[in-house]
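A look at the structure
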Amino acid sequence: MATVSGVAATEAPKIVWNERDKRFETEDKKAYLEYELRNGGKVMDITHTFVPSSKRGLGLASHLSVAAFNHAQSNKLSVIPTCSYISDTFVPRNPAWKSVLFSEDLKSSI
Ligand code: COA
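Each chain has its residues counted from 1, running along the sequence as written. It should be noted that, the model being predicted, local features are given only for residues of pLDDT at least 70 and side-chain atom pairs only at 80 or more, the latter also being counted only at that level, while totals for whole chains, interfaces and linings use all residues. To obtain the side-chain values, all non-hydrogen atoms of the structure were included, while hydrogens and water were left out.

Any two strands with at least two DSSP-identified bridges between them are counted as paired. Helix and strand definitions here come from DSSP, where helices need a minimum of 4 consecutive H or I residues and strands a minimum of 2 consecutive E residues; each element is numbered from the N-terminal end. Ordered in space as 1-2-3-4-5, the five strands form an open sheet in which the pairing is mixed. On the outer flanks of this sheet lie strand 1 (15-18) and strand 5 (78-80), each paired with one strand and no other. The average angle at which neighbouring strand axes cross in this sheet is 30°, direction not considered. In the sheet, strand 1 pairs with strand 2 (residues 23-26) via four bridges, with the strands oriented antiparallel. Following the sheet pairing, W17 is matched in strand 2 by F24. Here helix 1 (residues 60-74) sits on the sheet in contact with strand 1, strand 2, strand 3 (32-38), strand 4 (43-50) and strand 5, set at roughly 170° to strand 4. Only C-alpha atoms enter the line fits that serve as axes; for helices the fit covers just the stretch in contact. Angles between N-to-C directions range over 0 to 180 degrees. Contacts are assigned to residue pairs that have any heavy atoms within 4.5 Å of one another.

Structure representation (structure tokens):
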């Protein structure tokens, strides 16, 4: 696999699952999506998404979200979209993922 820095803008960034810290993150860890597991590990509550200001607006949060939703779907978890980026931007723009939501209107109290 090529390991050059300065990846072309059209190339999807590599997203890593950090199971210990319950995050999906870029290899440099500067952009991340955080979650909590609920209901005995059956529910992934996405509590926060963060992208450094210099990298915003390029779809990086969307890539992090796709990685998290793919993981949830593969592991038969349902998702609570506590993070407003997930509930107000990612899911409305990618409505096919609604089928993975625990409940469209439910948010945790975090
Ligand atoms: N809630 C919901 N949607 C938001 C948002 C927020 N707080 N901040 C930005 N967005 C939307 C914008 O409308 C933007 O739409 P546009 O492309 O039409 O301008 C869209 O996100 C950009 O999508 P994308 O490029 O995939 O996101 P990003 O890589 O720029 O990262 C955030 C988005 C929210 C993760 C980033 O702006 C950030 O880290 N903000 C500070 C932390 C934060 O507020 N996190 C969300 C709440 S947990």
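From this point, the discussion proceeds with the structure in view.
The next thing to look at is the site of the ligand. Taken together, 17 residues form the shell around the ligand, and within it V51, G57, G59, Y85 and T89 come nearest. Between the ligand and S62, the relevant distance is 3.2 Å, taken from an oxygen atom to a main-chain nitrogen or oxygen of the residue. Contact with the protein chains covers 64% of the free accessible surface of the ligand, which is 850 Å². Elements represented by at least two residues in the shell around the ligand include exactly strand 4, helix 1 and helix 2 (84-93). Nearness is defined per residue: one heavy atom within 4 Å of the molecule or strand is enough. Pairing of N or O atoms within 3.5 Å defines a polar contact, subject to two protein rules: one partner must be a possible hydrogen donor and the other a possible acceptor, and residues neighboring in sequence count only if both atoms are side-chain atoms. Each accessible area is a Shrake-Rupley estimate made with a 1.4 Å probe; only the visible protein chains count as cover when residues are assessed.

Another aspect to go through is the environment of S84. Its place among the elements puts S84 in helix 2. Exposure is judged per residue with a 1.4 Å probe applied to protein chains only, and the accessible area is read against the type maximum: over 50% gives exposed, under 20% gives buried, and values in between give partly exposed. Residue classification places S84 among the partly exposed residues on the basis of a relative accessible area of 45%. Through-space distance from the C-alpha of S84 to that of T47 is 8.6 Å; in sequence the pair is 37 residues apart.

Three or more residues of helix 2 are buried, namely I86, S87, F90 and V91. Projected down its long axis, helix 2 carries its buried residues within an arc of 125°, all on one side. In helix 2, the exposed positions that point more than 90 degrees away from the buried face belong to D88 and R93. Where helix 2 is buried, its residues meet strand 3, strand 4 and helix 1. Think of the arc as the fan of directions from the helix axis to the C-beta atoms.

This next bit is on the nonpolar core. One recurring pattern in soluble globular proteins: nonpolar side chains tend to sit buried together. Formed by 23 residues in total, the largest nonpolar core has its most connected members in F24, L33, M44, I46, F69, V79 and I86. At the level of secondary structure, the elements contributing two or more residues to this core comprise strand 3, strand 4, helix 1 and helix 2. With seven residues, the top contributor of residues to this core is helix 1. Residues belong to a common nonpolar core when they are buried Ala, Val, Leu, Ile, Met, Phe, Trp, Tyr or Cys residues joined through side-chain atoms within 4.5 Å.

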